[in-house]
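The residues making up each chain are set out below.
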Amino acid sequence: MEPALIAPAHYTVLGIPTLLFSLLIPLVGVGVFAFIMNRRVAPLLKAAPDSRFDDIAGRLANVVKIWLGQWRQPRYMTAGVLHILIFFGFLALAVHTTSLVFVGIFAGFSIPGLGGGFGHLYMIVKDYAATVVLLACIVAAVRRGILRPERYAVPAKYGQDHTAEAVFVLALISLLMITDSLFEASSVAAQVQLGQQGEYLAPGTLAWLLKNLLLDTPRETLQTLHIAGYYIHDLTFFFFLCFLPMGKHFHVITSLFNVYFMRTEKGNVKPVRYGISDEQLDDLDTFGVKKLEDFTWKHLLDFYTCADCGRCSDQCPARTVGRPLSPRFISIKGRDLLFRNYPLRGEAPAAEALIGTVYEEDEIWSCTTCGACEEECPIGIEYIDKIVDLRRGMVDEGMVPQSLQKPLKAMEKRGNPWGKMEKKRGDWAAAAGCEVKVVADGDSAEVLYFVDSFTSYDDRMQGIAQATARVLTAAGVDFAILGKEEKDSGHEVRRFGEEMLFQDLKKHNSEMIGEAAVQAIVTADPHAFNALRHDYPGLPKVEHISQLVVRMVRAGRLSLLPIDDPDKVYTYHDPCYLGRHNGIYDDPREAMDALEGIKRVEMEKSRDRSFCCGGGGLMLFYEPEEEERMAVLRVKMAAEAGATVIVVACPFCLANMEDAIKVAGLEGKMEAVDLVELIDRHLAPQP
């Protein structure tokens with residue numbers, strides 16, 4: 001049966017075979033794309049090394065869940081659903097779009113395996129996908145171009161927003177859907193006019209609608225539409241391909257790789273330089289990131305991959321309270337610098353210092369390393385390691401905020417940020433009301449209770465240490481503390497860029513723990529917990545006190561009384577370094593629920609979306625510019641949830657919450673208590 005229309009591979013225009021265009025467009029398109037990608041890859045090859053080739057199973061799991069499964073997209077429901085529809089529509093159309101490139105050269109070309117019944121089924125799916133993608137693009141364009149959600153806004157100091165680019169790309173995608181459907185519909189309409197059995201077009205699809213509109217169109221016009229639809233589609237496709245690496249839509253290409261290479265372990269911080277051991281750090285001439293190429297290749301890939309969706313900044317507590325930090329612009333400014341320093345034509349300008357030109361000191365110091373940005377990003381962009389590396393570079397250059405210099409010097413001299421005497425570190429134990437063995441005094445035990453500095457020295461936080469000791473005693477745990485031989489875990493020291501000081505603290509504590517010969521370690525401080533678990537290699541198992549409480553309650557080794565005041569309403573605040581960084585969400589809640597009669601509510605921002613209290617180690621000493629304190633916002637959230645008691649599981653959170661209750665004017669209406677203190681209050685008499 002003769003074709004109803006002449007195929008692009010056999011058509012001529014003004015005596016010129018269109019086959020020539022079918023060959024020329026892909027050749028030029030692929031050539032230009034290869035040239036652009038070569039320039040884009042160049043800085044990655046010059047960047048610092050990064051160890052991302054381990055844990056293949058975990059990385060593939062991330063690809064399946066986060067990239068293919070679009071796991072994080074629905075966290076912002078409207079935008080997420082639109083993105084999912086476009087994403088899966090694109091995947092469904094990818095095979096047909098590829099085959100169309102060859103159809104212009106070989107008429108009737110079909111990718112092997114897509115013939116017969118399966119091919120017909122695929123075409124039905126493809127047509128519905130094209131229709132859905134077009135509708136999703138229209139909705140997304142209205143949303144982005146007219147409604148303009150606040151998180152897409154770009155402050156004047158950061159230049160122009162990217163709305164025009166976003167709408168332009170949506171228009172290109174829409175054009176691809178329309179021309180794909182037009183190419184198909186014009187052919188079927190011509191078949192129907194000739195009385196031939198036309199290809200089946202699924203009802204309700206764009207192709208089906210166009211076919212019905214074209215049934216009475218002259219064949220000559222159908223032929224023109226058929227050829228025009230094909231070549232507009234072909235040109236649009238290759239233009240789109242070459243346009244992607246030019247802006248924020250580069251993520252269409254890079255997101256798969258970025259998700260594959262994203263971190264598979266949380267809580268840790270990258271080493272100063274991969275391939276350099278701790279013992280070799282003294283041999284390095286420079287520390288941290290000072291110029292663009294000091295970033296690792298993965299972190300430059302992050303810059304390329306940022307979709308400018310604003311989710312990271314929308315969840316960032318520092319941005320929320322008006323600090324001069326927005327994670328989104330860490331990436332955008334990095335990408336702009338990459339494009340500027342590695343232009344498509346010409347030589348790259350000389351490398352310049354990042355701090356003071358691209359990033360500001362206050363911007364980098366404002367981060368609490370809470371991890372909210374990384375938890376939210378749907379394509380695996382990382383921020384904490386970049387922030388820490390930039391801080392390392394600033395520390396190396398002597399650019400340390402005045403308020404942090406004193407605690408860092410005290411830490412170096414005395415092992416705690418207040419410079420208090422080492423022998424006083426265990427003084428809290430005298431008022432614990434139970435036996436607290438001290439390794440420094442020659443005692444031994446199965447479990448080491450690592451107290452850390454804040455809980456050891458602060459008068460209020462010593463109550464957490466004493467409650468922990470009583471709970472451990474009630475559970476029959478054989479425990480001891482290091483006493484004067486304990487030094488600060490160095491958790492915040494490392495995250496504030498003082499790597500060598502951290503190494504000294506880690507070496508000392510590791511030696512003391514090794515000499516104690518304990519079988520396990522427990523702590524009530526999530527920062528110490530995270531450091532011992534992720535920054536100290538080779539230690540025995542480390543537990544947070546909430547985990548131990550739950551384990552002991554389940555085993556019947558810890559008996560608890562019913563809640564002492566059933567009229568109070570409790571809510572639990574997830575500490576960043578217990579929750580997001582270590583995935584411990586259920587144990588503290590289960591420990592609370594073990595108190596019979598407790599009324600517990602959840603705040604709107606909870607679990608992996610918990611809102612940082614603004615504290616943590618050296619943040620207690622940092623004096624940022626902000627409109628409102630994070631902890632004040634947090635206690636207001638607790639009040640909005642109907643809570644009268646906010647339960648924390650971190651001494652830094654407790655200090656901030658208690659102070660914030662006063663600042664927010666909620667004294668007498670709300671109180672803050674540490675989880676272990678709550679458990680301690682409800683210990684049943686032990687047999």
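Since we're looking at a predicted model, the values are computed, not measured.

> Describe the overall build of the protein chain, naming the residues involved and giving the relevant values.
Looking only at helices and strands, the protein chain has 26 helices and 11 strands in total. Overall, the protein chain is about 100 × 60 × 45 Å in size when its C-alpha atoms are taken along their principal axes. Counting every position in the protein chain, which comprises 687 residues, the buried fraction comes to 56%. Within the protein chain, contacts between residues at least 6 apart in sequence are counted, and of these 79% link residues at least 24 apart. For the protein chain, the accessible area works out to roughly 28800 Å², and carbon and sulfur atoms hold 58% of it. Taken as two groups, the 71 positive and 88 negative side-chain charges of the protein chain have centres that lie 2 Å from each other.

> So what about the pattern of salt bridges? Which residues, and what values?
A pair can form between side chains of opposite charge whenever their charged atoms are brought close. For the coordinates displayed, the defined rule picks out 45 salt bridges. A salt bridge links lysine 437 to aspartate 478, with the nearest nitrogen and oxygen atoms 2.6 Å apart. With a gap of 41 residues between them, lysine 437 in strand β3 (residues 437-438) and aspartate 478 in the loop between α18 (462-474) and β5 (479-481) connect regions that are remote in the sequence. Residue classification places aspartate 478 among the partly exposed positions, given a relative accessible area of 28%. Between arginine 554 and glutamate 590 there is a salt bridge, with the nearest N and O atoms lying 2.7 Å from each other. Note that arginine 554 is positioned in helix α22 (residues 545-554) and glutamate 590 in helix α23 (residues 586-593), a separation of 36 residues in sequence.

> Would you mind going over the sheet that holds strand β11 (residues 671-674) in detail, with residue names and values included?
Taken in spatial order, the four strands line up as β9-β8-β10-β11 in an open sheet, and their pairing is parallel. Two strands close off the open sheet at either side, each with one partner strand: β9 (599-601) and β11. Each strand axis lies, on average, 35 degrees off the axis of its neighbour in the sheet, ignoring direction. Sheet topology places strand β10 (residues 645-648) next to β11; four bridges connect them, and they run parallel. Residue pairing in the sheet places isoleucine 646 in a bridge with alanine 672 of β11.

> Lay out the pairing of strand β6 (residues 520-523) with the relevant residues and their values.
When strand β4 (residues 447-449) meets β6, the two strands line up parallel, connected through three bridges. Among the inter-strand pairings, valine 447 is bridged to a residue of β6, identified as alanine 520. Regarding topology, helix α21 (residues 526-535) serves as the crossover connection from β6 to the parallel strand β7 (residues 541-544), and that connection is right-handed.

> Which residues make up a nonpolar patch on the surface, and what are the values?
Side chains of Leu135, Ile138, Val142, Ile146 and Leu147 sit close together on the surface and give an oily, nonpolar patch of about 500 Å² of accessible area. As for its placement among the helices and strands, isoleucine 146 is situated in helix α4 (residues 116-147).

> Got a sec to walk through a negative patch on the surface? Specific residues and values, please.
A contiguous patch of negative charge on the surface is contributed by Asp282, Asp283, Asp285, Glu412 and Asp504. Summarising the element assignment, aspartate 282 is placed in the loop between α8 (251-260) and α9 (297-305). Overall, aspartate 282 belongs to the exposed group, its relative accessible area being 62%.

What counts as what
Residues numbered from 1 in each chain as written. Predicted model: local features only at pLDDT ≥ 70, side-chain atom pairs only at ≥ 80, totals over all residues. Heavy atoms only, no water. Helix = DSSP H or I, 4+ residues; strand = E, 2+ residues; numbered from the N terminus. Buried < 20%, exposed > 50% of the residue type's maximum accessible area, 1.4 Å probe, protein only. Contact = heavy atoms within 4.5 Å. Areas by Shrake-Rupley, 256 points an atom, 1.4 Å probe, with all protein chains shown as cover. Lys, Arg positive; Asp, Glu negative; His and termini not counted. Charge placed at Lys NZ, Arg CZ, Asp CG, Glu CD. Salt bridge = Lys/Arg side-chain N within 4 Å of Asp/Glu carboxyl O. Pairing = 2+ DSSP bridges. Axes fitted to C-alpha atoms, helices over the stretch in contact; angles between N-to-C directions. Right-handed = clockwise from strand over helix to strand, strands pointing away. Patch = residues over 30% accessible without salt bridge, like charges linked within 9 Å, V, L, I, M, F, W, Y side chains within 5 Å.

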